Amino acid sequence: MKTQYTSLVKIKKQYLDKMELSVSSCHETISVIKKKTVSSYNELQNLEIPQGGDFSLFRQTQDLKQRISDEISFNKYNLQVAENALVQAMQQLKTANIEHEKFKYLETNEIEKFLKALKMKEAKDLDEVALMMFNRKKSD
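Attention here is on the structure that accompanies the text. For every chain, the first residue of its written sequence is number 1, and the numbers climb from 1 along that sequence. Thresholds applied to this predicted model are a pLDDT of at least 70 for local features of residues and 80 or more for the giving and counting of side-chain atom pairs; totals over whole chains, interfaces and linings are not thresholded and use all residues. Side-chain descriptors were evaluated using all non-hydrogen atoms of the structure, hydrogens and water having been removed beforehand.

Moving on, we come to helix H1 (residues 6-46). Look at H1: 60 Å from first C-alpha to last across 41 residues, which is about the 60 Å you get at 1.5 Å a residue. Three exposure classes are used, based on accessible area relative to the maximum for each residue type with a 1.4 Å probe and protein chains only: buried under 20%, partly exposed in between, and exposed over 50%. Only DSSP runs of H or I covering at least 4 residues are called helices, and only runs of E covering at least 2 are called strands; the numbering of each starts at the N terminus. Those residues of H1 not exposed but buried are Val9, Leu16, Met19, Val23, Cys26, Ile30, Ile33, Thr37 and Ser40. Expected helix span is given by 1.5 Å per residue-to-residue step, counting one fewer step than there are residues.

Quick look at the structure:
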């Protein structure tokens, strides 16, 4: 049954679904960044500093170590950005859920009013038919 709120409920539901996908995407992004960070830490731990050889080999190792450290810092920054985006997405999801529930309630309330009016009309019609039948039997 359609009411004046049906289309709004549908739109709010679509927006709610979109916000749920956004939250899910943020969780996935955070998971990927955490895996990259752990991988970088493992790579840094497993990095072997040469004990002998020429200076260029030592310099290459130090540059690699610096690159991995920079990558870890970058991942930490990205993690912070992703977590902030998650907080914002969660707030939007909460707002979208409230809006959806509000319009859903209004739609349900409107349907209940219509059904109540319909029942009252049916009861009135049945009373009228019963009265007509009573008057008919009385006149016979």
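What follows covers a nonpolar patch on the surface. For patch building, the residue pool is restricted to those with more than 30% relative accessible area and no salt bridge; the joining distance is 9 Å between like charges and 5 Å between nonpolar side chains (Val, Leu, Ile, Met, Phe, Trp, Tyr). Only the protein chains shown count as covering a residue, and every accessible area follows the Shrake-Rupley method with a 1.4 Å probe. The salt bridge definition used is simple: a Lys or Arg side-chain nitrogen within 4 Å of an Asp or Glu carboxyl oxygen. A cluster of nonpolar side chains, namely Met1, Phe114, Leu115 and Leu118, defines an oily patch on the protein surface of about 380 Å² accessible area. Looking at the element boundaries, Met1 is found in the segment before H1. Met1 sits in the exposed class, given a relative accessible area of 54%.

With that out of the way, let us pick up the pattern of salt bridges. Tallying each qualifying case throughout the model produces 7 salt bridges. The partner of Asp63 in a salt bridge is Arg59, and the shortest N-O contact between them spans 3.5 Å. Here Asp63 and its partner Arg59 are both found in helix H2 (residues 55-139), 4 residues apart, which amounts to about one turn of the helix.

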